[in-house]
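Chain and residue survey
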Amino acid sequence: MKLKKLAFLTTLFVAVSASAIAKKEPIVILKTSEGTIKLKLYNDTPLHRDNFIKLSKSKYFKGIIFHRVIKNFMIQSGDPDSRNPKPDSTYGEGGPGYDIPAEIVATHFHKRGVLAAAREGDKENPERKSSGSQFYIVQGKKFTDTELNAVEKKVNDRLRLNTIQRIFEAEKAKSENNNLSPEEFKNMINLKVEAEVNSTPPFKISEERREVYKNIGGSPHLDGSYTIFGEVIEGMEVVDKIAATPTNPKDRPLKDIFILNVKVIR
């Protein structure tokens, strides 16, 4: 009886250990020409996690540059066209030939150090699908309450404008078929916009996030619009160093900063 109980406990321990290992978040070492950044990938964004691991293991990122750098905002890479970069070229359109469905998780936000997927804008990409390879790491900055209030207003104004444009495009053909006058069409659009805006909660930064943005920093205006799938756990000083590099008017560093290697260690 004791042997059976011991065997059961051993089996249970192995099962629990295996489960714990399975839940561990993958760790990736991003070696750049300016230093090393260690990243943790989130398990609740599995499509992005697995894609980043796949590209890393295939050496897809090796030899490409950080093609877009904006101090106090973010550093961006992942464009395969930037391998063997030309001095006067602008990058940011390349990729592996596929997009990734959005995995925008409500609990993730653009605090300093998060890893997120770049994408095309809402007009061309209303589903907010991510680029198959391009990513950015947030450097961000610290905000005051007044600045965060301004961010909320700016985001809500942008969302309203996007709603107007989307409804306008959807209803334009219908109005022509129904022979609506310009005034009737305008009134119809306004009614539909107001109905949708009033039924949708406005963008608001919670008190908990405000504390993070005020004391640690980040880029709050991106919240809810891009897939965040990891974060820096070591090497933010390297991110800061890359972000501080001088750039041209199109935000490309004057001195090319390369990804030398990406290694998945767990």
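Here the structure is a predicted model, which means the values were calculated and not measured.

About the criteria used
Residues numbered from 1 in each chain as written. Predicted model: local features only at pLDDT ≥ 70, side-chain atom pairs only at ≥ 80, totals over all residues. Heavy atoms only, no water. Helix = DSSP H or I, 4+ residues; strand = E, 2+ residues; numbered from the N terminus. Buried < 20%, exposed > 50% of the residue type's maximum accessible area, 1.4 Å probe, protein only. Contact = heavy atoms within 4.5 Å. Areas by Shrake-Rupley, 256 points an atom, 1.4 Å probe, with all protein chains shown as cover. Patch = residues over 30% accessible without salt bridge, like charges linked within 9 Å, V, L, I, M, F, W, Y side chains within 5 Å. Salt bridge = Lys/Arg side-chain N within 4 Å of Asp/Glu carboxyl O. Lys, Arg positive; Asp, Glu negative; His and termini not counted. Charge placed at Lys NZ, Arg CZ, Asp CG, Glu CD. pLDDT = per-residue confidence, 0-100. Polar contact = N/O pair within 3.5 Å; in protein donor to acceptor, adjacent residues only side chain to side chain. Pairing = 2+ DSSP bridges. Phe/Tyr/Trp six-rings, centres within 6.5 Å; stacked < 30°, edge-to-face > 60°. Lys NZ or Arg CZ within 6 Å of the ring centre and 35° of its normal.

A word on the overall build of the chain. The secondary structure content of the chain amounts to 6 helices and 10 strands. Considering the chain as a whole, with its 266 residues, one finds that 39% of them fall into the buried category. For the chain, contacts bridging at least 24 residues in sequence account for 72% of all contacts bridging at least 6. Counting every atom, the chain has about 15300 Å² of accessible surface; 56% of that belongs to carbon and sulfur.

Moving on to a negative patch on the surface. A contiguous patch of negative charge, built from D81, E93, D99, E120 and E124, is present on the exposed surface. Summarising the element assignment, E124 is placed in the loop between β6 (114-117) and β7 (130-131).

Positioned with a positive phi, K59 is a non-glycine residue whose angle comes to about 65°. Following the sequence through the fold, K59 ends up in the loop between α2 (46-57) and β3 (68-70). In this structure, N84 is a non-glycine residue whose phi angle is positive, near 55°. Along the chain, the position of N84 falls in the loop between β4 (74-77) and β5 (99-100). According to the relative accessible area criterion, N84 is exposed, its value standing at 67%.

Our next topic: the environment of I167. Within the secondary structure layout, I167 lies in helix α3 (residues 145-177). Judged by relative accessible area, which is 8%, I167 ranks as buried. Not counting residues within four places of it along the chain, the set of residues in contact with I167 comprises I189, K192, V193 and E196.

Moving on, we come to the confidence of the model for the chain. Taken as a whole, the chain shows an average pLDDT of 90; of its residues, 89% reach a score of 70 or greater. Predicted confidence is poor over residues 12-21, with pLDDT under 50, and the contacts of this stretch with residues over four places away or in other chains come to 0 contacts.

Let us now look at the pattern of salt bridges. A full pass over the atoms with the stated rule returns 17 salt bridges. The salt bridge partner of K38 is E234, with a shortest N-O separation of 3.5 Å. Linking K38 in strand β2 (residues 35-41) with E234 in strand β9 (residues 228-234), this pair joins segments that are 196 residues apart in sequence. Residues K141 and E147 are paired through a salt bridge, measuring 4.0 Å at the closest nitrogen-oxygen approach. For K141, a relative accessible area of 34% corresponds to the partly exposed category.

Another point: the environment of R49. Tracing the sequence through the fold places R49 in helix α2. Residue class for R49 comes out buried when judged on its relative accessible area of 16%. Contact partners of R49, with chain neighbours within four places excluded, come to P26, L41, Y42 and N43. At 3.0 Å, the side chain of R49 and the side chain of N43 are in polar contact.

Turning to the pairing of β9, a few remarks are in order. Remark: a regular strand shows side chains that alternate across the two faces of the sheet. Of all 7 residues that make up β9, 5 are buried, and the element is covered over most of its length. Across 4 bridges, β2 lies against β9 in antiparallel orientation. Across the sheet, residue K40 finds its bridge partner in β9, namely E231. The sheet contact formed by β6 and β9 spans 3 bridges and is antiparallel. Looking at the pairing, A116 lines up with I228 of β9.

Throughout the structure, instances matching the rule amount to 9 aromatic pairs. Ring geometry for Y60 and F61: centres 5.7 Å apart, planes at 85°, overall edge-to-face. Judged by relative accessible area, which is 1%, F61 ranks as buried. Linked through ring pairs, F52, Y60, F61, F135 and F229 together constitute an aromatic cluster. Stacked on the ring of Y226, the Lys or Arg R119 has its end atom at 4.4 Å from the ring centre. A cation over an aromatic ring shows up here: K141 above the ring of F143, its NZ or CZ 5.0 Å from the ring centre.

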